[in-house]
Amino acid sequence: MAPAVPGRPAQPGSGAHGMPSPAEEQARAAALLMAQLDERLAALADPVRATAMRAYMRDQFPFLGVPSPAVQQVLRAALAELPRPGAATLREVALTCWERPEREYQYLACVLLRRHARVLDAGFLDTARHLITTKPWWDTVDALAAHVVGALVARHPELAATMDGWAAGGDLWLVRTAILHQLTYKAATDAPRLLRYCAAQAGHPDFFIRKAIGWALREYARTDPAAVRAFVAAHHDELSGLSRREALKHLS
């Protein structure tokens, strides 16, 4: 038996008097949305462009050959014909998109979740973790970090404790997510937490963590440039050159 996916019920129950249960209604809504997405994406598939897109992503994933603006148009058109999705529908569609081989499906899920992030509850963080650690690469991880995980933590501050665990763990993509989850917070940034994460991972050997540190600090420098300058100066020998350059990129 396949392992359970976080947030996905094993089997919807039946409602009273033969009426569809809420789980069945949500599953039906997810199936309708997926059918719309399948049809519209298939109509736009371009094998020549798909080859170029796959090469750009270092042959990590197969593609249909649908560019990003068209992917967003596909989602808008599909949603326009259906009721606004609920949390369970969003979860099911995201998980289904992640099971599809073509990368455009994961992009669709990221855009969908970002658009409806306010509908998601704190429990969705387990599903977000599954998405981040399954078929992981910067293109989906960064979108989920800044616009889904970040939105969840902002609305549910108790989830910051989970970010502490991710930041200190051994999974590259969860560490990157923890560092980047406050990317859009601006003045609401928990600066001590951000700087603590960056200091703890300052010597990390991987490009994606070094880049994340610099990126997060660069964005926070728009809010508190003095704090970023002071942090980089205090940790100059620990931070990589990449992290330092990115952090100070827009500071004179």
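(A) Molecular detail of the overall build of the protein chain. Within the protein chain, the regular secondary structure consists of 13 helices and zero strands. Each helix (α) and strand (β) of the protein chain, taken in turn from the N terminus, gives the series α-α-α-α-α-α-α-α-α-α-α-α-α. Its C-alpha atoms give the protein chain a radius of gyration of 20 Å, near enough to 18 Å, the size a compact globule of 252 residues would have. The dimensions of the protein chain, computed from C-alpha atoms along their principal axes, are 65 × 45 × 35 Å. For the protein chain, contacts bridging at least 24 residues in sequence account for 71% of all contacts bridging at least 6. In the form shown here, the protein chain has an accessible surface area of approximately 12400 Å², with 56% of it arising from carbon and sulfur atoms. Put simply, the protein chain has 29 plus and 25 minus side-chain charges, and the middle of one group is 5 Å from the middle of the other.

(B) Region of interest: helix 2 (residues 47–56). The opening residue of helix 2 is D46, an N-cap whose side-chain oxygen sits 3.1 Å from the backbone nitrogen of V48. The first or second residue beyond helix 2 is R58, which carries a positive phi of 55°.

(C) Spatial organisation of the packing of aromatic side chains. All chains considered together, the criterion is met by five aromatic pairs. With a centroid separation of 5.2 Å and an interplanar angle of 70°, the aromatic rings of W137 and F208 are classed as edge-to-face. Of the two residues, W137 sits in the loop between helix 6 (124–133) and helix 7 (138–155) while F208 sits in helix 11 (residues 207–221), which places them 71 residues apart along the sequence. Taken individually, W137 and F208 each receive the classification buried, so the pair is uniform in this respect. Look at W173 and F208: their rings are 4.9 Å apart centre to centre, the planes differ by 50°, and that puts the pair in the tilted class. Taken as a pair, W173 in helix 9 (residues 172–180) and F208 in helix 11 lie far apart in primary sequence, 35 residues in all. As far as burial versus exposure is concerned, W173 and F208 are alike and both buried.

Conventions used here
Residues numbered from 1 in each chain as written. Predicted model: local features only at pLDDT ≥ 70, side-chain atom pairs only at ≥ 80, totals over all residues. Heavy atoms only, no water. Helix = DSSP H or I, 4+ residues; strand = E, 2+ residues; numbered from the N terminus. Rg over C-alpha atoms; globule rule 2.2 N^0.38 Å. Contact = heavy atoms within 4.5 Å. Areas by Shrake-Rupley, 256 points an atom, 1.4 Å probe, with all protein chains shown as cover. Lys, Arg positive; Asp, Glu negative; His and termini not counted. Charge placed at Lys NZ, Arg CZ, Asp CG, Glu CD. Polar contact = N/O pair within 3.5 Å; in protein donor to acceptor, adjacent residues only side chain to side chain. Phe/Tyr/Trp six-rings, centres within 6.5 Å; stacked < 30°, edge-to-face > 60°. Buried < 20%, exposed > 50% of the residue type's maximum accessible area, 1.4 Å probe, protein only.

By themselves, these observations are geometric and do not establish any function.
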